[in-house]
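In case you want the letters, here they are:
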Amino acid sequence: MVRGLLRCEGGIAGKTLAIDGLDSTITDVIVRVHPRNGQLESHLLKPTAPSVTLGAATSTWDRSRTYVRLGIEHILLGVDHLLFVLGLVILIGSARPLLWTITAFTIAHSLTLAAATFGWISVSPPPVEAVIALSIVFVASEIVQSRRGRPSLSARKPWLVAFAFGLLHGFGFAGALSEIGFPAQQIPLALLCFNLGVEAGQLAFVAALLLLGRLPALLRIEAPRGWPTAAAYGIGALASYWLIERLLAF
């Protein structure tokens, strides 16, 4: 976190605050202003909108929407998390077991996200990112074994595997939330809304996958029989590359 002192003559109302160079990054920045009159301002600056005009107080609802939006963007732009969920969808297939599995994954990463955000547990980000890549490789391998008629623990109890790896994915979410930076008094609000955003994005992704899986039946065409295995190899190859890259970055 970078701290600095800015002097503004005549007050900040109506003044424009801009962050130089933000438009050439992929970083989001939350700007908070605490004036003496107590009317808190909170604004989200993005590479596509690196400036804001100050002077308008923001409500709790405005700040909540900011964190929800960040959660949605994080999950939808987090390709590694989405690939893990995609692997679970391919591995399980049917709706009811998938529901329980996604629920277990959600509970698990919510627990570690909360624990890390409140400072109860501290884990170094590089090993977490490496193990997240390993979890994707594992699920891809389980898909291939299942298609070969060798059902393993993931096929019998996918919720258990999803819960175990979900704990690790939660630390990844916590790292993204901590990089944004937020005051201690807003931790509960930020945590709740960010997590709601993550879940909304995750459910939207799963719904899109299930709809895509029904398209062949709706269009009355036959999907290639080997597509789950081909998809598993593709997912596993990409995750293996990430794993090696992240291990070398230690």
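All values reported here derive from a predicted model rather than from experimental measurement.

The rules behind the values
- Counting from 1, residues in each chain are numbered in the order their sequence is written.
- Where local features are concerned, this predicted model is filtered to residues with pLDDT of at least 70; where side-chain atom pairs are given and counted, the filter is 80 or more; whole-chain, interface and lining totals use all residues.
- Hydrogens and waters are ignored; side-chain quantities use all the structure's heavy atoms.
- Angles shown run from 0 to 180 degrees and are taken between the N-to-C directions of axes, each axis being a line fitted to C-alpha atoms and, for helices, limited to the stretch in contact.
- What counts as a helix is a DSSP run of H or I of at least four residues, what counts as a strand is a run of E of at least two, and both are numbered from the N terminus.
- Each angle gets one of four labels, with under 35 degrees taken as roughly parallel, over 145 as roughly antiparallel, 65 to 115 as roughly perpendicular, and the rest as oblique.
- By definition, turning the near helix anticlockwise from the far helix through less than a right angle yields a left-handed crossing, and turning it clockwise yields a right-handed one.
- What makes two residues a contact is simply this: any of their non-hydrogen atoms within 4.5 Å.
- Each residue gets one of three labels, nonpolar for Ala, Val, Leu, Ile, Met, Phe, Trp, Tyr, Cys and Pro, charged for Asp, Glu, Lys and Arg, and polar for the others, Gly among them.
- Multiply 1.5 Å by the residue count of a helix minus one, and that product is the helix's expected span.
- We define a polar contact as two N or O atoms separated by no more than 3.5 Å, with the added condition that, inside protein, one atom must be a possible hydrogen donor and the other a possible acceptor, whereas residues neighbouring each other in sequence contribute only through side-chain atom pairs.
- A residue's pLDDT is simply how confident the predictor is in it, with values from 0 to 100.
- Salt bridges are counted wherever a side-chain nitrogen of Lys or Arg sits within 4 Å of a carboxyl oxygen of Asp or Glu.
- Here's how the labels work: a residue is buried when its accessible area is under 20% of the maximum for its type, exposed when over 50%, partly exposed in between, all with a 1.4 Å probe on protein chains only.
- By nonpolar core we mean a set of buried residues, namely Ala, Val, Leu, Ile, Met, Phe, Trp, Tyr and Cys, connected to one another through side-chain atoms within 4.5 Å.

**Some remarks on the packing of helix H2 (residues 79-92) against helix H3 (residues 95-117)**
- At a closest axis distance of 10 Å, the pairing of H2 and H3 adopts a crossing angle of 155°. Between H2 and H3, the interaxial angle falls into the category roughly antiparallel. Crossing angle aside, the handedness with which H2 passes H3 is right-handed. Across the interface between the two elements, Phe84, Val85, Leu88, Val89 and Ile92 from H2 touch Pro97, Leu98, Thr101, Ile102 and Phe105 from H3.
- Broken down by class, the residue content of the contact of H2 with H3 amounts to 9 nonpolar, 1 polar and no charged.

**Structural notes on H3**
- Relative to the 33 Å expected for 23 residues at 1.5 Å per residue, H3 spans 32 Å between its end C-alpha atoms, a close match to the ideal helical length.
- Of the residues trailing H3, glycine 119 is marked for its positive phi of about 85°.

**A few points about the packing of H2 against helix H4 (residues 125-147)**
- Two numbers describe how H2 lies on H4: the axes approach to 9 Å, and their chain directions differ by 20°. As judged from the angle between their axes, H2 and H4 are roughly parallel. In the packing of H2 onto H4, the handedness of the crossing is left-handed. Facing Asp80, His81, Leu83, Phe84, Gly87, Leu88, Ile90 and Leu91 of H2, the residues of H4 in contact are Glu129, Ile132, Ser135, Ile136, Val139, Glu142, Ile143 and Ser146.
- Taken together, the residues of the contact of H2 with H4 break down into 9 nonpolar, 4 polar and 3 charged.

**Re the side chain of histidine 109**
- The residue histidine 109 is located in helix H3 in this model.
- Here glutamate 199 takes part through its side chain, which lies 3.1 Å from a polar atom of the side chain of histidine 109.
- Here histidine 109 is in contact with Gly166, Leu167, His169, Gly170, Phe173, Asn195, Val198, Glu199 and Gln202, once residues within four sequence places are set aside.

**What to know about the confidence of the model for the chain**
- The share of residues in the chain with pLDDT of 70 or more is 91%, and the mean pLDDT across the chain is 83.
- Here helix H5 (residues 153-156) stands out as the element of the chain with the lowest mean pLDDT, 74, in contrast to helix H8 (residues 227-248), whose mean of 94 is the highest.

**Details of the pattern of salt bridges**
- Throughout the structure, instances matching the rule amount to 4 salt bridges.
- Here arginine 69 makes a salt bridge to glutamate 73, at a shortest N to O gap of 3.2 Å. One end of the pair, arginine 69, and the other, glutamate 73, are both in helix H1 (residues 60-77), 4 residues apart, so they sit about a helical turn from each other.
- For arginine 69, a relative accessible area of 42% translates into the label partly exposed.
- Between glutamate 129 and arginine 246 there is a salt bridge; the shortest N-O distance is 3.7 Å. Here the residue glutamate 129 occupies a position in helix H4, and arginine 246 occupies one in helix H8, the gap between them amounting to 117 residues.
- Taking relative accessible area as the criterion, glutamate 129 reaches 27% and is therefore assigned partly exposed.

**Observations regarding the nonpolar core**
- By size, the foremost hydrophobic cluster in this structure holds 44 residues, and its most contacted members are Phe84, Val85 and Ile136.
- Those elements that provide at least two residues to this core are H1, H2, H3, H4, helix H6 (158-180), helix H7 (187-219) and H8.
- Top element by residues in this core is H2. It accounts for 9 residues.
- Non-local contacts of valine 85, meaning those with residues more than four positions away in its chain, are made with Ile102, Phe105, Gln202, Phe205 and Val206.
- Leu22, Val31, Val33 and Val52 belong to the second-largest nonpolar core, a separate cluster that totals 6 residues.

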